[in-house]
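Residue strings, one per chain:
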Amino acid sequence: MLQLDKVSLFRNERMVAQVLSLCVQAGQAALVQGPNGSGKTTLLRTVCGWRPAYAGAILWRGTPLRSALDTLREDLAYLGHQDGLHDDLSARENLRWLAALGGEAPAGPDLDEALDGMGVLHAAAQPVRALSRGQRRRVALARFLLTRKPLWVLDEPLAALDAAGQQRMQTCVARHLQAGGVALLSCHTASWPDHPSWHRLSLSARPGLAH
């Protein structure tokens, strides 16, 4: 489903990673680990097609990324460091809006079920400006309990979550993989359970030391 073949990455005219190779099949995930500045976000954004790789090839469904961008956009659900929420909208309204951005239109009960799955149903009608950072993150992540997109790319999805929130998100990702989906995630400090279906890609703050 997702393949990286000897990919090298530059950011601000500096190489941040090189010779990254990875092959992720349906039902598998890849966890990108490394310290700040090692290129985790750069790699995720490159896989999404938002910036070019300096060298090497990225393929989605066996097709080079430049030729697969339309398909990738249809298949991709992404969450970055920012939650991407509108402060003046309620949690439920934000969730409906996020789904619409991905071309999906879940019913009202589905929205509430997703919020409940992330433990924030009590905040469904509240404007997100009134929520804590952790609650906001849960609202943004509830999107992934709704979507049917096969490729999930999540940049530090466990950031700002307490232990219960982390467990809910880990369960969400596990179910996605069981359904045949693919996930690419970055992680700085929080850990994910070891599983045979998980690939781990470690990036170093020094270029050329990825493995």
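Counting restarts for each chain, with residues numbered from 1 along the sequence as it is written. Given that the model is predicted, a residue must reach a pLDDT of at least 70 before its local features are reported, and side-chain atom pairs must reach 80 or more before they are shown or counted; all residues, however, enter totals for whole chains, interfaces and linings. Hydrogens and water molecules were not included; the side-chain quantities draw on all heavy atoms of the structure.

Undergrad: I'd like a description of the packing of helix α3 (residues 91-101) against helix α4 (residues 108-117), backed by residues and values.
TA: The packing of two helices is summarised by the inter-axis angle and the distance between the axes. Fitted lines through C-alpha atoms serve as axes, helices being fitted only where they are in contact, and the angles separating the N-to-C directions of these axes extend from 0 to 180 degrees. Helix and strand assignments follow DSSP, with helices taken as H or I runs no shorter than four residues and strands as E runs no shorter than two, numbered in order from the N terminus. It is at 10 Å that the axes of α3 and α4 come closest, and there the two elements cross at 110 degrees. Between α3 and α4, the angle is such that the two are roughly perpendicular. Listed contacts from α4 to Ala 91, Arg 92, Leu 95 and Arg 96 of α3 are Gly 108, Leu 111, Asp 112, Ala 114 and Leu 115. Split into classes, the residues belonging to the contact of α3 with α4 amount to five nonpolar, one polar and three charged. Under this scheme an angle from 65 to 115 degrees is roughly perpendicular, one under 35 degrees roughly parallel, and one over 145 degrees roughly antiparallel; angles in between are oblique. It only takes one pair of heavy atoms within 4.5 Å for two residues to be counted as in contact. Think of it as three bins: nonpolar holds Ala, Val, Leu, Ile, Met, Phe, Trp, Tyr, Cys and Pro, charged holds Asp, Glu, Lys and Arg, and polar takes everything else, Gly as well.

Undergrad: Hey, could you go over the side chain of Arg 137 for me, with residue numbers and the actual values?
TA: Relative to the helices and strands, Arg 137 is located in helix α5 (residues 133-142). Only protein chains enter the calculation, and the probe is 1.4 Å; a residue is then buried if its accessible area is under 20% of its type maximum, exposed if over 50%, and partly exposed in between. Here Arg 137 falls in the buried class, since its relative accessible area comes to 3%. Polar contact criterion, stated in full: a pair of N or O atoms within 3.5 Å, where within protein one must be able to donate a hydrogen and the other to accept it, and residues adjacent in sequence count only if both atoms are side-chain atoms. Of the polar contacts made by the side chain of Arg 137, one reaches the backbone oxygen of Glu 156; its length is 3.0 Å.

Undergrad: Describe the sheet that holds strand β1 (residues 2-11), naming the residues involved and giving the relevant values.
TA: A pair of strands is considered paired only if DSSP assigns at least 2 bridges between the two. Strand order in the open sheet formed by four strands is β2-β1-β4-β5, and the pairing between neighbours is antiparallel. Here the strands that pair on one side only, and so sit at the sheet edges, are β2 (14-24) and β5 (63-64). As paired elements, β1 and β2 share seven bridges and run antiparallel to each other. Within β2, the position partnered with Leu 4 by the bridge is Leu 22. Those strands touched by helix α1 (residues 40-47) are β1, β2 and β4 (55-60), and its axis lies near 125 degrees from that of β1.

Undergrad: So what about the sheet that holds strand β3 (residues 29-33)? Which residues, and what values?
TA: Here five strands make up an open sheet; going across it, the order is β6-β7-β8-β3-β9 and the pairing parallel. Edge strands, defined here as strands with exactly one partner in the open sheet, are β6 (76-79) and β9 (198-202). Strand-to-strand twist across the sheet, computed as the mean angle between neighbouring axes with direction ignored, equals 15 degrees. Running at roughly 65 degrees to β6, helix α2 (residues 65-75) makes contact with β6 and β7 (151-155) of the sheet.

Undergrad: Break down the nonpolar core for me, with residues and values.
TA: Of all hydrophobic cores here, the largest spans 36 residues; its most connected members are Phe 144, Met 169, Val 173 and Leu 185. Listed by contribution, the elements that provide at least two residues to this core are β3, β6, α3, α4, α5, β7, α6 (163-178) and β8 (182-187). Leave out the neighbours within four places in its chain, and Phe 144 touches Ala 77, Tyr 78, Leu 79, Trp 152, Leu 154, Met 169 and Cys 172. Joining through side-chain atoms within 4.5 Å is the link that ties buried Ala, Val, Leu, Ile, Met, Phe, Trp, Tyr and Cys residues into a set, and such a set is a nonpolar core. Counting 27 residues, the second-largest nonpolar core is a separate cluster that includes Ala 17, Leu 22, Leu 76 and Leu 203.

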